[in-house]
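What follows is each chain in one-letter form.
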2 protein chains.
Amino acid sequence: MQNVLDYIRTHRERFENELIEYLRIPSVSAQSSHQPDMQACAGWIASHARQIGLRADVIPTAGHPAVLARTFTRRTLGRPHFVVYGHYDVQPPEPLDLWKSPPFEPRRAGRRLYARGASDNKGQHFAHLKAVEACLRSGAGLPVDLTFLIEGEEEVGSRSLPAFLRQHRRELRCEAFVISDTGIPGLQHPALTYALRGIAAAEITLTGPSRDLHSGIHGGAVDNPALALCQLLAQLRDPHGRITVPGFYKDVRPLTAYERRELDRIPHSDAAYRRFLGAPRLFGEHGFTTSERRTARPTLEINGLTSGYQGQGSKTIIPSWARAKLTLRLVPDQRPSHVIRSLVSHLRRLCPPTVRIEIKSGHGGEPYCMSPRHPLAQAALRALQAAFNRPPVLMREGGSIPIVNDFKRILGADSLLLGLALPDADAHAPNENFHLDCFERGIALGACLWPELARAC
Amino acid sequence: MQNVLDYIRTHRERFENELIEYLRIPSVSAQSSHQPDMQACAGWIASHARQIGLRADVIPTAGHPAVLARTFTRRTLGRPHFVVYGHYDVQPPEPLDLWKSPPFEPRRAGRRLYARGASDNKGQHFAHLKAVEACLRSGAGLPVDLTFLIEGEEEVGSRSLPAFLRQHRRELRCEAFVISDTGIPGLQHPALTYALRGIAAAEITLTGPSRDLHSGIHGGAVDNPALALCQLLAQLRDPHGRITVPGFYKDVRPLTAYERRELDRIPHSDAAYRRFLGAPRLFGEHGFTTSERRTARPTLEINGLTSGYQGQGSKTIIPSWARAKLTLRLVPDQRPSHVIRSLVSHLRRLCPPTVRIEIKSGHGGEPYCMSPRHPLAQAALRALQAAFNRPPVLMREGGSIPIVNDFKRILGADSLLLGLALPDADAHAPNENFHLDCFERGIALGACLWPELARAC
């Protein structure tokens, strides 16, 4: 093990430069103009995996290609097999004017590396690749068979992944998936995440008149779709922060006393957190702590509003239509399809006859929960202790990793969520960054993890 | 008077050809590339006024020049003086591909004349000039002194007009302004417009967290500015279409029974109007007809909504901020500054402490009302009856004509609004047109008007 850690220390700077090269590729999966970048990015990471001794292929899917990279030519009989999952696609970088440096020109400042995709997710899965390189090149070797599955559609709902998993079911059969795509409270608190929220998305469009109307000539005679939208959406949440869609909380599994105690161990200060967010005040569902609200309670968010004139000055119109993008975060045992169905019928019931309503449901992902008492979970906790030299905490994550459900459903495998991003990594936001200590500890974790997991199998 | 009407009949075709010549000049005030055309157009109409016996000058302003043309060398003592207002500038013609013939190559089809500026406003004030020509050349003469004020910045907000009015205050002192720049319900319904709505604009921005946040990581712990904005704006209107800003209706002068009866005479079908707007249903303040809602009742409209991600697909964020552009249409005796003050304090009171609110007030314009019982208004109604040979209707207009307030404020003069445009004249739109019967009746109106007004002074 010492060889491995020495190798990591020796090659630290090269590792960082390689990550920077990877981050330069603007692999935005949501925007069709970045199609060639997606191909280039998949090619780059496959070729890099080959350089460190893996067998790697770029595999086409119905959408963006996926990359499979294996440490073996043929599986060793009786040897445990784990799959490390990551995604090379990134969120759209907009709004560009809020970035202090261009999102695809990585910039080091102190111990931070700023770039779109730095923590979500290139930096995190790249750490695992570097750990494997260290195990192999230092001569220590690996006590397990490993496959890297790095997809290109995570930020657009992993549309092609289920079919891909079914197609590669045999090659991907494994003890568990290892995923570093979540966060930790801080460098002092490495963490195993045992539960994730699910997600359900919808887009609501209200249409009134067939075209924008002069607000002087016609104003007063016809409903304003933007105001109708506000009045519709306003009814979805009560003053206590509760979602008012009928039956919304019906399937929510209540937190146990044990869970609430464990979640309470995670270091947190409401005052510091408020300052970090820059919000005038924290706000959420009455009767729950901030940590519980963020991870163990469902939410409804407006992600975007669009209507009428948005330019400089004013334009005196009644806009023809108004649109809102919504996402709901779900917790065990809520089902995205049920929740969307309730939302749609609730909105249709509330919608006034003065506008037409159109609701498109978007991507959905089930919430996830794995017992923290599982032997593999316990082994992961030991590896965390070794890599960070700190007692790890047990966490729930507020974000969604829908593929964790696909792994469970299609391959029957649980996922060990060993996130490396700090709370201020600003994933999905301008100035996304990855702390280089996280990168280094992550590589060490990758090295410590495989012997621990091998023993637990 | 018969001489005058004979002269008009005899010279009808020449009048049309002259108007066509006027319409060929692409006097688009908003586009700097048309600067030379603006000069040419002002020169053309001044020179034309001189040809028919007026003393005309092109007068520079800080923006586009204005034209003053007088029927007199020196004012006759004791003789009433009226000012006819018009504007030689026109709206931009874009989108050009929607025009059936080029906007500055006037085309006659049936009794319609198609060209940018045909009804707004060249055709309308040119009718008054032709009426004056007929009075002077037929030997009938004029019982009043007349000044034509034809400006070149109406379509860009008449920026230089207030200063111009102050500078020419003495020459423009008059009994009233006569303005033909509005519409009539149809050729069977000549109209005097006696009231206009005012306007007040505001832009509201709510800010929550200092940046867009990942809705999975932080969702539940902090308010969503887009939802907060919806909940705030939703409270501005009740289910009966009433604005709920305290005191909003306090200064609204109620419609008299006479006014409601007169407004009811204007031909209108809710079903046909709904089809024309393409809206699923009409909606407005309970207890008022559609015509009253559009012209005699105040409104609050959202003109635009902006928040978060508006592109393709979805982006799972809590947006940092959300913004709405609002305009309110005001009626006598509401004051824009009072209304904005009430709105601002109401919004501040309603705004939750979880977001910061910023309110910018925009442009404002006072509503306008001239009593239809005023002797000059009654005289105008008689002239309409004579020129159209139909009983005229009394109208209110839902839009704003800010210059009418300038005339009132700076010169203390009321305005007689004697519009000539049909509802399908498509002012500001492609295929703008002017009905040649409106042109002819308009010339007759110009001829009948001055004796009636002279008698009423």
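Residues numbered from 1 in each chain as written. Chains lettered and ligands numbered in written order. Predicted model: local features only at pLDDT ≥ 70, side-chain atom pairs only at ≥ 80, totals over all residues.

J.: For this particular structure, what's the right way to read the overall build of chain A?
T.: Broken down by element type, chain A carries 14 helices and 18 strands. The C-alpha radius of gyration computed for chain A amounts to 23 Å, which stays within 12% of the reference 23 Å derived for 457 residues, consistent with globular compactness. Once the C-alpha set of chain A is aligned to its principal axes, its extents read approximately 80 × 50 × 45 Å. Contacts spanning at least 24 positions in sequence make up 79% of the contacts within chain A whose residues lie at least 6 apart. (Helix = DSSP H or I, 4+ residues; strand = E, 2+ residues; numbered from the N terminus. Rg over C-alpha atoms; globule rule 2.2 N^0.38 Å. Contact = placed C-beta atoms within 7 Å.)

J.: For this particular structure, what's the right way to read the packing of helix 1 (residues 2-10) of chain A against helix 14 (residues 436-456) of chain A?
T.: Two numbers describe a pair of packed helices, the interaxial angle and the distance between the axes. Residues and elements named next belong to chain A. Helix 14 packs onto helix 1 with a crossing angle of 160° between their chain directions and a minimal axis gap of 10 Å. In terms of orientation, helix 1 and helix 14 fall into the roughly antiparallel class. Note on packing geometry: the crossing formed by helix 1 with helix 14 is right-handed. Packed against helix 1, whose contacting residues are Val4, Leu5 and Ile8, the element helix 14 presents Ile443, Ala444 and Ala447 at the interface. The residue inventory of the contact of helix 1 with helix 14, partitioned by class, reads six nonpolar, no polar and no charged. (Axes fitted to C-alpha atoms, helices over the stretch in contact; angles between N-to-C directions. Parallel < 35°, antiparallel > 145°, perpendicular 65-115°, else oblique. Left-handed = near helix turned anticlockwise from the far one by under 90°. Nonpolar A, V, L, I, M, F, W, Y, C, P; charged D, E, K, R; others polar.)

J.: In this structure, what is going on with the environment of Arg137 of chain A? I would like to understand it.
T.: Residue and element names in this part refer to chain A. Within the secondary structure layout, Arg137 lies in helix 4 (residues 118-137). Arg137 sits in the partly exposed class, given 14 other C-beta atoms within 10 Å. On a C-alpha basis, the gap between Arg137 and Ile52 in space is 8.0 Å, while along the polypeptide they are 85 residues apart. (Buried ≥ 20, exposed ≤ 12 C-beta atoms within 10 Å, placed from the backbone.)

J.: I tried to follow the interface of chain B and chain A on my own but got confused; where do I start?
T.: Often, the extent of an interface is quoted as the loss of accessible area on bringing the components together. Listed as interface residues are 71 residues of chain B and, on the opposing side, 78 residues of chain A. For the side of chain B that touches chain A, the secondary-structure elements that each account for two or more residues are strand 10 (213-214), helix 7 (225-234), helix 10 (290-295), strand 11 (299-308), strand 12 (317-318), strand 13 (321-330) and strand 14 (356-365) of chain B. Top element by residues in the side of chain B that touches chain A is strand 11 of chain B. It accounts for nine residues. For the side of chain B that touches chain A, a count of residues per class yields 25 nonpolar, 31 polar and 15 charged.

J.: I'm lost on helix 1 of chain A in this one. Help?
T.: An α-helical segment advances 3.6 residues per turn. Residues three or four places apart therefore align on the same side. All names here are of chain A. Along helix 1, the residues that are buried comprise Val4, Tyr7 and Ile8. Along the axis of helix 1, the buried residues cluster in a sector spanning 100°; they form a single face. Seen from the open side of helix 1, the exposed residues pointing more than 90 degrees away from its buried face are Gln2, Asp6, Arg9 and Thr10. In this structure, the buried side of helix 1 is in contact with helix 2 (12-23), helix 4 and helix 14. (Arc of directions from axis to C-beta.)

J.: Help me out: how do you make sense of the domain arrangement of chain A in this one?
T.: Residue and element names in this part refer to chain A. We note that the domain assignment places domain 1 (2-196 + 368-456) and domain 2 (198-252 + 298-365) within chain A. For domain 1 and domain 2, the distance between their C-alpha centroids amounts to 36 Å. In terms of residue class, the side of domain 1 that touches domain 2 is made up of three nonpolar, four polar and no charged. (Domains from an automatic or database assignment.)

J.: Just to check I follow, could you spell out the packing of helix 2 of chain A against helix 4 of chain A for this structure?
T.: All names here are of chain A. At a minimum axis separation of 10 Å, helix 2 and helix 4 run at an interaxial angle of 140°. In terms of their interaxial angle, helix 2 and helix 4 are classed as oblique. Viewed along their axes, helix 2 and helix 4 form a crossing whose handedness is right-handed. For the pair helix 2 and helix 4, the contacting residues are Phe15, Leu19, Tyr22 and Leu23 in the first and Ala118, Lys122, Gly123, Phe126 and Lys130 in the second. For the contact of helix 2 with helix 4, the residue count by class is six nonpolar, one polar and two charged.

J.: Hey, could you run me through the sheet that holds strand 4 (residues 107-109) of chain B in this one?
T.: Think of a sheet as strands paired side by side through backbone hydrogen bonds, with each pair either parallel or antiparallel. Residues and elements named next belong to chain B. Across the sheet, three strands lie side by side as 4-5-18; this open sheet has antiparallel pairing. The open sheet has two edge strands, strand 4 and strand 18 (433-435), and neither has a second partner. The mean inter-strand angle of the sheet, taken between neighbouring strand axes irrespective of direction, is 25°. With three bridges joining them, strand 4 and strand 5 (residues 112-114) adopt antiparallel strand pairing. (Pairing = 2+ DSSP bridges.)

J.: Any chance you could explain the sheet that holds strand 4 (residues 107-109) of chain A here in plain terms?
T.: Residues and elements named next belong to chain A. Pairing is antiparallel in the open sheet, where three strands are placed in the order 4-5-18. In the strand order of this sheet, the two ends are held by strand 4 and strand 18 (433-435), each with one partner. The sheet shows a mean angle of 25° between the axes of neighbouring strands, direction not considered. Packing of helix 4 onto the sheet brings it into contact with strand 5 (112-114) and strand 18, and relative to strand 18 it is tilted by some 45°. Each of strand 5 and strand 18 is contacted by helix 14, which is oriented at about 60° to strand 18, the strand it contacts most.

J.: Just checking my understanding: could you explain unusual backbone geometry for this structure?
T.: If a residue is not glycine, its phi is most likely negative; likewise, a peptide bond is most likely trans. With an omega of 10°, the peptide bond running from Asp120 of chain A to Asn121 of chain A counts as cis. Looking at the element boundaries, Asn121 of chain A is found in helix 4. Between Pro332 of chain B and the following residue, Asp333 of chain B, the backbone shows a cis peptide bond with an omega angle of 5°. Within the secondary structure layout, Asp333 of chain B lies in the loop between strand 13 and helix 11 (336-350). In this model, Ser158 of chain A sits at a positive phi of 50°, which is unusual for a non-glycine residue. For Ser158 of chain A, a count of 24 C-beta atoms within 10 Å translates into the label buried. Here Asp426 of chain A, not a glycine, exhibits a phi torsion of approximately 55°, which is positive. Along the chain, the position of Asp426 of chain A falls in the loop between strand 17 (414-417) and strand 18. Residue Asp426 of chain A is classed as buried on the basis of its C-beta count, with 22 C-beta atoms lying within 10 Å.

J.: How should helix 12 (residues 375-388) of chain B be read in this particular structure?
T.: Residues and elements named next belong to chain B. If you check helix 12, its first and last C-alpha atoms are 20 Å apart, about what 14 residues at 1.5 Å a residue would give, namely 20 Å. Buried within helix 12 are the following residues: Leu376, Ala379, Ala380, Leu381, Ala383, Leu384, Ala387 and Phe388. In this structure, the buried side of helix 12 is in contact with strand 7 (176-179), strand 8 (191-196), strand 17 (414-417) and helix 14 (436-456). With its phi angle positive at about 55°, Asn389 sits one or two positions after the end of helix 12. (Expected span 1.5 Å × (residues − 1).)

J.: Whenever I open this one, the confidence of the model for chain A confuses me. Can you help?
T.: Close inspection of predicted coordinates is inappropriate for parts of the model with low pLDDT. The predicted model of chain A has a mean per-residue pLDDT of 95, with 100% of residues at 70 or higher. Reported confidence for the predicted complex is 0.87 by ipTM and 0.81 by pTM. (pLDDT = per-residue confidence, 0-100.)

J.: It is not clear to me how the environment of Thr76 of chain A should be interpreted in this structure. Could you clarify?
T.: Checked against the element boundaries, Thr76 of chain A lands in the loop between strand 2 (66-70) and strand 3 (81-87). Distance from Thr76 of chain A to Val144 of chain A, taken between C-alpha atoms, is 8.8 Å for residues 68 residues apart in sequence.

J.: Is there a simple way to explain the environment of Val344 of chain B in this structure?
T.: Of note, Val344 of chain B is situated in helix 11. Residues Val344 of chain B and Ile357 of chain B lie 13 residues apart in sequence; the distance between their C-alpha atoms is 10.0 Å.

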